[in-house]
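Descriptive structure summary
Okay, here's what each chain looks like letter by letter:
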Amino acid sequence: MTPREIVRELDKYVIGQAGAKRAVAIALRNRIRRQKLSPEMAEEIMPKNIIMIGPTGVGKTEIARRLAKLANSPFLKVEASKFTEVGYVGRDVESMIRDLVEISIEMVRNEKLEEVADKADTNAEERILDLLLPPMPVASADDSSRASSDQWNRTREKLRAQLRDGKLDDRTVEIEVKERNFPAFEIISNQGIEEMDINIKDILPGFLGQRTKKRKMKVAEAIDYLIQEEESKLVDMDQVTRLAVERVENNGIIFLDEIDKIAGRESGHGPDVSREGVQRDILPIVEGTTVNTRYGMVRTDHILFIAAGAFHVSKPADLIPELQGRFPIRVELDSLTIEDFVRILTEPQNALIKQYVALLETEGVKLTFLDDAVQEIARFAATVNESTENIGARRLHTIMEKLLDEISFEGPDLKKKSIRIDAAYVQKMLAEIVKDQDLSRYIL
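Heads up: these notes are all about the structure in this document.

Conventions used here
Residues numbered from 1 in each chain as written. Predicted model: local features only at pLDDT ≥ 70, side-chain atom pairs only at ≥ 80, totals over all residues. Heavy atoms only, no water. Salt bridge = Lys/Arg side-chain N within 4 Å of Asp/Glu carboxyl O. Helix = DSSP H or I, 4+ residues; strand = E, 2+ residues; numbered from the N terminus. Buried < 20%, exposed > 50% of the residue type's maximum accessible area, 1.4 Å probe, protein only. Pairing = 2+ DSSP bridges. Axes fitted to C-alpha atoms, helices over the stretch in contact; angles between N-to-C directions. Polar contact = N/O pair within 3.5 Å; in protein donor to acceptor, adjacent residues only side chain to side chain. Parallel < 35°, antiparallel > 145°, perpendicular 65-115°, else oblique. Left-handed = near helix turned anticlockwise from the far one by under 90°. Contact = heavy atoms within 4.5 Å. Phe/Tyr/Trp six-rings, centres within 6.5 Å; stacked < 30°, edge-to-face > 60°. Lys NZ or Arg CZ within 6 Å of the ring centre and 35° of its normal. Patch = residues over 30% accessible without salt bridge, like charges linked within 9 Å, V, L, I, M, F, W, Y side chains within 5 Å. Areas by Shrake-Rupley, 256 points an atom, 1.4 Å probe, with all protein chains shown as cover. Lys, Arg positive; Asp, Glu negative; His and termini not counted. Charge placed at Lys NZ, Arg CZ, Asp CG, Glu CD.

1. Looking at the pattern of salt bridges
Taken as a whole, this structure holds 32 salt bridges when the rule is applied. For Arg160, the salt bridge identified is with Glu126, shortest N-O distance 2.8 Å. Of this pair, Arg160 sits in helix 6 (residues 143-164) while Glu126 is found in helix 5 (residues 95-132), placing the two residues 34 residues apart along the sequence. Its relative accessible area of 11% is what places Arg160 among the buried residues. Among the residues examined, Glu126 registers a relative accessible area of 26% and is labelled partly exposed. Ionic contacts of the salt-bridge type, sharing partners, join the residues Glu125, Glu126, Asp130, Arg156, Glu157, Arg160 and Arg164 into one network.

Okay, structure coming up:
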C-alpha cells in the first residue's frame, strides 16, 4: 500500500490528525522499501521511531492499532508506567518483547490453521465415521466379499451425509482423549516467574509418555475435539515459531503508551523506583538488543516503536537524551473541536451512533438521530471537556450513555418502536450535566 492509501484507510476509523497519519504511513512504507534492498543495506536501515504528543482521547492508540492491522504485523500496546527498574518488584522491560513473540506465534498459528482447516475437517470426519461404522476386516476377493464391501461403502456414505446434515449430533461415541492433569506449581526465582522459560507441560509427557483415557461424548462435541487434534498434528510448530520470530524482528510494532509518566529527571535519591532508571532500561530495547525468549533469541533492531503521551506536566525534552535520540519523528495531535465530534459520531465505519442504532435494532427499536441532535451532542461533549478534564472523544461514550439511558432501559418494553432523537430531546436529557458543574466532575 502507498502512504496515500494507508492514510485513506486510517481515515475510515480516525478523524483528523493528518500529521500523525502521514508519519505512520511513511514509517510503514519504509518497511516495505527496506524489504526490497540487498541484505547488507537492509541491515543498516533502522526504523524511524515515532513519538505522538497529544491529550487523551484524540486517537493516538487507535492510529497505531489500525496501522498494525493494515500491515498484518504483530502489535503490542504496553503502558510504560507499569515497568520498573531492574532490581525492583514489577515487570522488567524485556517482557514486552516476550509478549510480542507470543502474539506473533498466535497470529502465524492461526494462519497455518486456516491453511489446513479443510484437511483437518476431512480427517476428523473419517475418524468419526470409523467410530460409528468400524472398518471392514480384510477379506478374500470373492464375489460375496465384494458385495459386502459395496454394502459397507454405501452405509458409510449414508452416515457421512447424515453427519454433515447434523442428524447424528446427539449420538454418543467413545473416543480417546489426552489427559491434561499436570501438577500445578510455580518456581520463584530472583528474576521472576516470567523468566522461567521451561514449559513443564511440554517436558512431562516426554518423561511419562502421553497418557490417554477413553471418554464418552456426543458426536457434535467429539468432532470439534478431533478437528483440534488433527489441526495440531498438521501444523508444524517449529515452522510456526521460526516464522513468528522472523515476523517480530522485521515487522513488529510496539506502542509505548503513557511515556510522559516516566519522563523527568530525578535530583534526589531514595528508595523509590526512579523514572530515569526505567528509561535507561527501555533504551537498549529501543536501540536494538537481543532478548532471550522461550522461542530463542529475538533481535529488536528493526522493531518499530511508537511512543505516546499527553505531556501535560512533563515535556519530551525531559526524557533522557539517548532515548530522545531514538525517537526522531515527533508528531503533535490536535485537541478535538465540535466539528471533529460531529464527524466522530457519524463518519467512521465503527461510529458511535451506528453502534447504538445497531444495538437497539436487535430489540426492534428503530433509532433515528436528526442532524441537529448530533450537533447538540457534539456541543455538550465539547462544553463538558472544557469545564472539566479534557478526555477527548471518550467523553462521547459517557454523553451517549447518559442520553440513551432511558431508551436502553425501557427498550424491550417500548410500545412505540420508532424513536427520533432531536436537539430538544438531547437538551432535556443532558442539560443538568452542564448546569451542575460539581456533578459533571463525576461523569467521566
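2. Things to note about the sheet that holds strand 5 (residues 253-257)
Ordered in space as 2-5-8-1-9, the five strands form an open sheet in which the pairing is parallel. Pairing within the sheet leaves two strands with one partner each, and these edge strands are strand 2 (75-79) and strand 9 (329-332). Across the sheet, the axes of successive neighbouring strands diverge by a mean angle of 20°, strand direction being ignored.

3. Some remarks on unusual backbone geometry
In this structure, Gln17 takes a positive phi of about 55° despite not being glycine. Assessed through its relative accessible area of 6%, Gln17 is described here as buried. Of note, the phi angle at Asn72 is positive, near 55°, even though the residue is not glycine. Topologically, Asn72 is positioned in the loop between helix 4 (60-71) and strand 2. Judged by its relative accessible area of 41%, Asn72 falls in the partly exposed class.

4. Quick look at the side chain of Thr293
Looking at the element boundaries, Thr293 is found in strand 6 (residues 290-293). On the basis of relative accessibility, which here comes to 5%, the residue Thr293 falls in the buried class. Separated by 2.7 Å, the side chain of Thr293 and the backbone oxygen of Gly296 make a polar contact.

5. Things to note about the packing of helix 5 against helix 8 (residues 219-234)
The geometry of helix 5 relative to helix 8 is characterised by a closest axis approach of 8 Å and an angle of 130° between their N-to-C directions. Between helix 5 and helix 8, the crossing angle belongs to the class labelled oblique. Of the two possible hands of crossing, helix 5 and helix 8 adopt the one that is right-handed. In this structure, helix 5 contributes Leu113, Val116, Lys119, Ala120, Asp121, Asn123, Ala124, Glu125, Arg127, Ile128 and Leu132 to the contact, and helix 8 contributes Val219, Ala222, Ile223, Leu226, Ile227, Glu229, Glu230, Glu231, Lys233 and Leu234.

6. Notes on the packing of aromatic side chains
By the definition in use, this model includes zero aromatic pairs. Lying over the aromatic face of Tyr13, Arg66 brings its terminal NZ or CZ to 3.8 Å of the ring centre. If you follow Arg379 out to its NZ or CZ, it ends over the ring of Phe380, 5.0 Å from the centre.

7. Thoughts on a negative patch on the surface
Where like charges cluster on the molecular surface, the negative patch consists of Glu363, Glu401, Asp405, Glu406, Glu410 and Asp413. In terms of residue count, the dominant contributor to the negative patch is helix 16 (residues 405-410) (three residues). You can see Glu410 is positioned in helix 16.

8. Description of a nonpolar patch on the surface
On the surface, a cluster of nonpolar side chains totalling about 230 Å² of accessible area is made up of Leu37, Met41 and Ile45. Looking at where Met41 falls in the secondary structure, it is placed in helix 3 (residues 39-44). You can call Met41 partly exposed: its relative accessible area is 44%.

9. As for the side chain of Ser104
Here Ser104 is to be found in helix 5. Residue class for Ser104 comes out buried when judged on its relative accessible area of 0%. Among the polar contacts listed, one links the side chain of Ser104 to the backbone oxygen of Ala244, at a separation of 2.9 Å. Once residues lying within four places of it in the same chain are set aside, the contact partners of Ser104 are Pro74, Ala244, Arg247 and Val248.

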